Amino acid sequence: MSTTVQREPERRAGWAPAWRRVPRWQLLLRYLLLLAVLALTIGPFLWQLSTSLKGPGEDLYRYPPSLLPQHVTLDNYAGVAGTIPVWDFALNSLKVAVTNVLTNCAGAALAGYALARLRFPGRRSALVVFIMAMLVPVESILIAQFVTMRELQLNNTLLGVVLPGCIGAMNVLLMRNAFAALPYEVEEAAYVDGANAWQRFVRIALPSVKGTLAVVAIFSFMGAWDDFLWPLIVLSDQSKFTLTIGLNFLHGTFADNQRLVAAGTVIAVLPLLVLFAGLQRFFFRGVGEGAVKG
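Residues numbered from 1 in each chain as written. Predicted model: local features only at pLDDT ≥ 70, side-chain atom pairs only at ≥ 80, totals over all residues. Heavy atoms only, no water.

## Concerning the overall build of the protein
Reasoning step 1: In terms of helices and strands, the protein carries 14 helices and zero strands.
Reasoning step 2: Looking at the 294 residues of the protein, the share that counts as buried comes to 33%.
Reasoning step 3: Surface summary for the protein: the accessible area is close to 18,600 Å², and the carbon and sulfur share equals 66%. (Helix = DSSP H or I, 4+ residues; strand = E, 2+ residues; numbered from the N terminus. Buried < 20%, exposed > 50% of the residue type's maximum accessible area, 1.4 Å probe, protein only. Areas by Shrake-Rupley, 256 points an atom, 1.4 Å probe, with all protein chains shown as cover.)

See the structure below:
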């Protein structure tokens, strides 16, 4: 106790132990590496944003390249809407993504809680099956998925796009690990008070794993929103195309306006940024996930 009291003023004064002191050249190297990673991460998006704001008189292939547009214009975004029904495609993608988020959050939470908390025959085998499902490449089961959707008469429907990915094995394992980290004493107290499994799940376990649930929601939305191959295979009616397929019409044999392509890319990325901005408060709560709250 005395040691803690003696170190408190030193901690407030900015003192740090010798083993925590880092030379300035190492700090500089770390910041340079972080800046390099940041440039590689957001650099392409900034370039697409800059291209989407450039007017028709600006050279996109000039050297050295210019990141800041000389004449900022929003005509490229209007051009996207005039070339393809981008808002109809975006609405189809939104339907698929929201449905995918709801089914993954509900299904993965239920399955994860069962694997982590409930005792039933075959529980370990079920866990192994989920782990093995993650090892199967998606491309190897596309034909089987397509045949299944055709037998169910779900080809060329948005439900056929959603169904194969409505519950992901990775999401189930994420929820299972989150529920397994919760203290058993809390649920035991609720069990003594007469709470059944469903009440313990809804009132105790689920509110304690909001961070992991936000991670599942973000991953599910991103996976459904950015998916290109499976909607391209299962959909044939243009009125049901998702945004990723619809943007492909902006460049081709007779149309290749990079400004429109960049504007369409920015339109496709904006919902992901909005979603992450809204859920980042829960997304970064993984460290304290499962803590006992008073």
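## With respect to the packing of aromatic side chains
Reasoning step 1: Using the criterion set out here, one finds seven aromatic pairs in the structure.
Reasoning step 2: The interplanar angle of 40° and the centroid separation of 5.7 Å between the aromatic rings of Trp198 and Phe201 together place this pair among those described as tilted. Highlighted residues: Trp198 and Phe201, both in helix α10 (residues 197-205), separated by three residues, approximately one helical turn.
Reasoning step 3: Relative accessible area serves as the criterion here: at 55%, Trp198 is assigned to the exposed category.
Reasoning step 4: Ring centres of Phe241 and Phe249 lie 6.2 Å apart, and the angle between their planes is 15°; this geometry places the pair in the stacked category.
Reasoning step 5: The class of Phe249 is partly exposed, set by a relative accessible area of 42%.
Reasoning step 6: The ring of Tyr184 carries the charged tip of Arg117 above its face, separated from the ring centre by 4.1 Å. (Phe/Tyr/Trp six-rings, centres within 6.5 Å; stacked < 30°, edge-to-face > 60°. Lys NZ or Arg CZ within 6 Å of the ring centre and 35° of its normal.)

## A closer look at a nonpolar patch on the surface
Reasoning step 1: A surface patch of nonpolar side chains, amounting to about 840 Å² of accessible area, comprises Leu28, Leu32, Leu35, Leu38, Ile42, Leu46, Trp47, Leu67 and Leu68.
Reasoning step 2: When its relative accessible area of 44% is taken as the criterion, Leu38 is described as partly exposed. (Patch = residues over 30% accessible without salt bridge, like charges linked within 9 Å, V, L, I, M, F, W, Y side chains within 5 Å. Salt bridge = Lys/Arg side-chain N within 4 Å of Asp/Glu carboxyl O.)

## Observations regarding the confidence of the model for the protein
Reasoning step 1: Confidence in the prediction of the protein, expressed as mean pLDDT, is 82, and 87% of residues score 70 or more.
Reasoning step 2: The model gives residues 290-294 a pLDDT under 50, and that stretch makes eight contacts with residues more than four places away or in other chains. (pLDDT = per-residue confidence, 0-100. Contact = heavy atoms within 4.5 Å.)

## A short note on the nonpolar core
Reasoning step 1: Val80, Ile84, Met175, Phe179, Trp225 and Leu243 are the most contacted members of the largest nonpolar core, which totals 50 residues.
Reasoning step 2: With twelve residues, helix α4 (residues 86-117) is the largest single contributor of residues to this core.
Reasoning step 3: Leaving out residues up to four positions away in the same chain, Phe179 has contacts with Ala109, Gly112, Tyr113, Ala116, Arg117, Phe201, Ala205, Leu206 and Val209. (Core = buried A, V, L, I, M, F, W, Y, C linked by side-chain atoms within 4.5 Å.)

## Topic: the side chain of Ser208
Reasoning step 1: Relative to the helices and strands, Ser208 resides in the loop between α10 and α11 (210-226).
Reasoning step 2: Separated by 2.9 Å, the side chain of Ser208 and the backbone oxygen of Ile204 make a polar contact. (Polar contact = N/O pair within 3.5 Å; in protein donor to acceptor, adjacent residues only side chain to side chain.)

## A short note on the packing of α4 against α10
Reasoning step 1: At a minimum axis separation of 12 Å, α4 and α10 run at an interaxial angle of 115°. Between α4 and α10, the angle is such that the two are roughly perpendicular. Our pair here, α4 against α10, has a crossing hand that is right-handed. Here α4 contributes Ala109, Leu110 and Tyr113 to the contact with α10, which in turn contributes Ala197, Trp198, Arg200, Phe201 and Ala205.
Reasoning step 2: A breakdown of the residues in the contact of α4 with α10 according to their chemical character gives seven nonpolar, no polar and one charged. (Axes fitted to C-alpha atoms, helices over the stretch in contact; angles between N-to-C directions. Parallel < 35°, antiparallel > 145°, perpendicular 65-115°, else oblique. Left-handed = near helix turned anticlockwise from the far one by under 90°. Nonpolar A, V, L, I, M, F, W, Y, C, P; charged D, E, K, R; others polar.)

## Considerations on unusual backbone geometry
Reasoning step 1: Phi angles above zero are rare outside glycine, and Gln153 is one such case at about 60°.
Reasoning step 2: Positionally, Gln153 belongs in the loop between α6 (142-151) and α7 (158-162).
Reasoning step 3: Assessed through its relative accessible area of 71%, Gln153 is described here as exposed.
Reasoning step 4: Of note, the phi angle at Asn156 is positive, near 65°, even though the residue is not glycine.
Reasoning step 5: Position of Asn156 among the secondary structure elements: in the loop between α6 and α7.

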